[in-house]
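# Observations on chain architecture
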Amino acid sequence: MKTRLVQDGIFTLVEDITTAMEAPEHGFYWIDADVEDLEILQPLYHLHELAVEDCLTEEEQRPKIELYDSNYFIVVNSIRFDDEEIFLRALNIFLGKHYIITVTRQKINELRALKPVLWEEEVASADTFLYHLIDLVVDNYTSVGDRIEAKIEKLEEDILMHTKKSHLNEIIGLRSEILWLKKMLGPQRDVISTLNKKELKLISDPLKKYFGDIYENAVKISETFDTFRDLMGNLREAYQSSLSNRANEIMRIFTALTTIFMPLTFITGIYGMNFEYVPGLHWEYGGIAAVIFMFIIGMSMFILFRKKEWL
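Just so we're clear, the structure is a prediction, and the values are computed from it rather than from any experiment. (Residues numbered from 1 in each chain as written. Predicted model: local features only at pLDDT ≥ 70, side-chain atom pairs only at ≥ 80, totals over all residues. Heavy atoms only, no water.)

### Points about the sheet that holds strand E5 (residues 72–81)
Spatially, E2-E1-E3-E7-E6-E5-E4 is the arrangement adopted by the seven strands of the open sheet, whose pairing is mixed. A strand with exactly one partner marks an edge of an open sheet, and here the two such strands are strand E2 (10–13) and strand E4 (64–67). Ignoring strand direction, the axes of neighbouring strands in this sheet form an average angle of 25 degrees. In this sheet, E2 lies alongside strand E1 (residues 2–7) in antiparallel orientation, the contact comprising four bridges. Pairing of Arg4 across the sheet is with Leu13, part of E2. Each of strand E3 (28–34), E5, strand E6 (86–95) and strand E7 (99–104) is contacted by helix H4 (residues 126–161), which is oriented at about 25 degrees to E5, the strand it contacts most. (Pairing = 2+ DSSP bridges. Helix = DSSP H or I, 4+ residues; strand = E, 2+ residues; numbered from the N terminus. Axes fitted to C-alpha atoms, helices over the stretch in contact; angles between N-to-C directions. Contact = heavy atoms within 4.5 Å.)

Written out as structure tokens, the structure is:
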């Protein structure tokens, strides 16, 4: 657990956690904690037991906001995409008047990226800290959305160029990830809407319009993932169509080859019959002539099929 006094974007480490219980003359306290630290923080900051229970549970948490007398409890999901699977990591936030507590189980990239933003913007209030943090979280969804779109385009190109059985597993896996993520985007969008529209005593009025801008971005992201869901459906249809076309192409080639060999089989069938008088049977060059004749017929049919684009 690290406690920092943030004044105009400048961080000062605080050794004694009880110091952060009193409001500073200027700025606010940022307490970056692990779930194990809640045992200490709960009695000091009067954190509601239900909110603490939500932080401690290992089950997947849906984004939400709970309003209590002395603080707000906010859950948002940080997103990470490693080209194989989408991961959501819960970011638990307790917002007070002069402090903000972030509680996580894993490392959250947005928290590390937040520090230079706070310094550049000279942040001096907890609600402004919250705004920049959620803004980074939503921006990261946009970045992941761009990568997913690029993956869909590449997958579509691979399917059209050379369809493989493994492509179906990729389509099903990515589609299920997108549908699962889409379910989480709705509650997260509602959380941002609450910060934008509801009268909250811990959120300053001038800051509400900035949360409105984040809300618009969240709506765009949700619509983008709706589009991804439709694209995955189209991709599966393209996969099935490609397989059908490939099967038809193979059948067309086999049919053409069978047709070419039909007259050759007819000729060899005649010469394989047990008749004494077969034209050319006793001719010295009869066998060679028959092979040349079959070769000419086969090549003529092959050239005809190529000209008509049957092969």
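### Here's the deal with the confidence of the model for the protein
Confidence in the prediction of the protein, expressed as mean pLDDT, is 84, and 92% of residues score 70 or more. Looking at the elements of the protein, mean pLDDT is at its lowest for helix H7 (residues 286–307), recorded as 77, and at its highest for E7, recorded as 94. (pLDDT = per-residue confidence, 0-100.)

### Some details on the layout of surface pockets
Here the largest pocket defines a volume of roughly 360 Å³. Considering the residues around the largest pocket, the lining is formed by 15 residues, among which Asp32, Thr104, Lys107, Leu111 and Arg112 are closest to the centre. When residues of the lining of the largest pocket are traced back to their parent elements, those giving at least two are E1, E3 and helix H3 (109–121). Of the voids in this model, the second largest pocket is the one considered here, and its volume is about 290 Å³. Lining the second largest pocket we find 15 residues, and of these Glu59, Glu60, Leu88, Arg89 and Ala90 sit closest to its centre. Those elements that provide at least two residues to the lining of the second largest pocket are helix H2 (49–56) and E6. Looking at the lining of the second largest pocket residue by residue, the class counts come to four nonpolar, five polar and six charged. (1 Å grid on protein atoms, 1.4 Å probe; cavity = no way out; pocket = protein on both sides within 12 Å on 5 of 7 lines; lining within 4 Å. Points joined across faces, edges and corners; volume = space filled by probe spheres on them. Nonpolar A, V, L, I, M, F, W, Y, C, P; charged D, E, K, R; others polar.)

### A closer look at the pairing of E7
Consecutive residues of a regular strand have side chains that alternate between opposite faces of the sheet. With six of its six residues buried, E7 lies for the most part within the structure. Neither face of E7 is left uncovered, since the one carrying Tyr99, Ile101 and Val103 and the one carrying Ile100, Thr102 and Thr104 both have all their residues buried. In terms of strand pairing, E3 meets E7 through six bridges, oriented parallel. Counted as the bridge partner of Trp30 is Ile100 from E7. In terms of strand pairing, E6 meets E7 through four bridges, oriented antiparallel. Across the sheet, the residue bridging to Ile93 is Thr102, located in E7. Connecting E6 to the antiparallel partner E7 that follows it, the hairpin turn spans three residues. (Buried < 20%, exposed > 50% of the residue type's maximum accessible area, 1.4 Å probe, protein only.)

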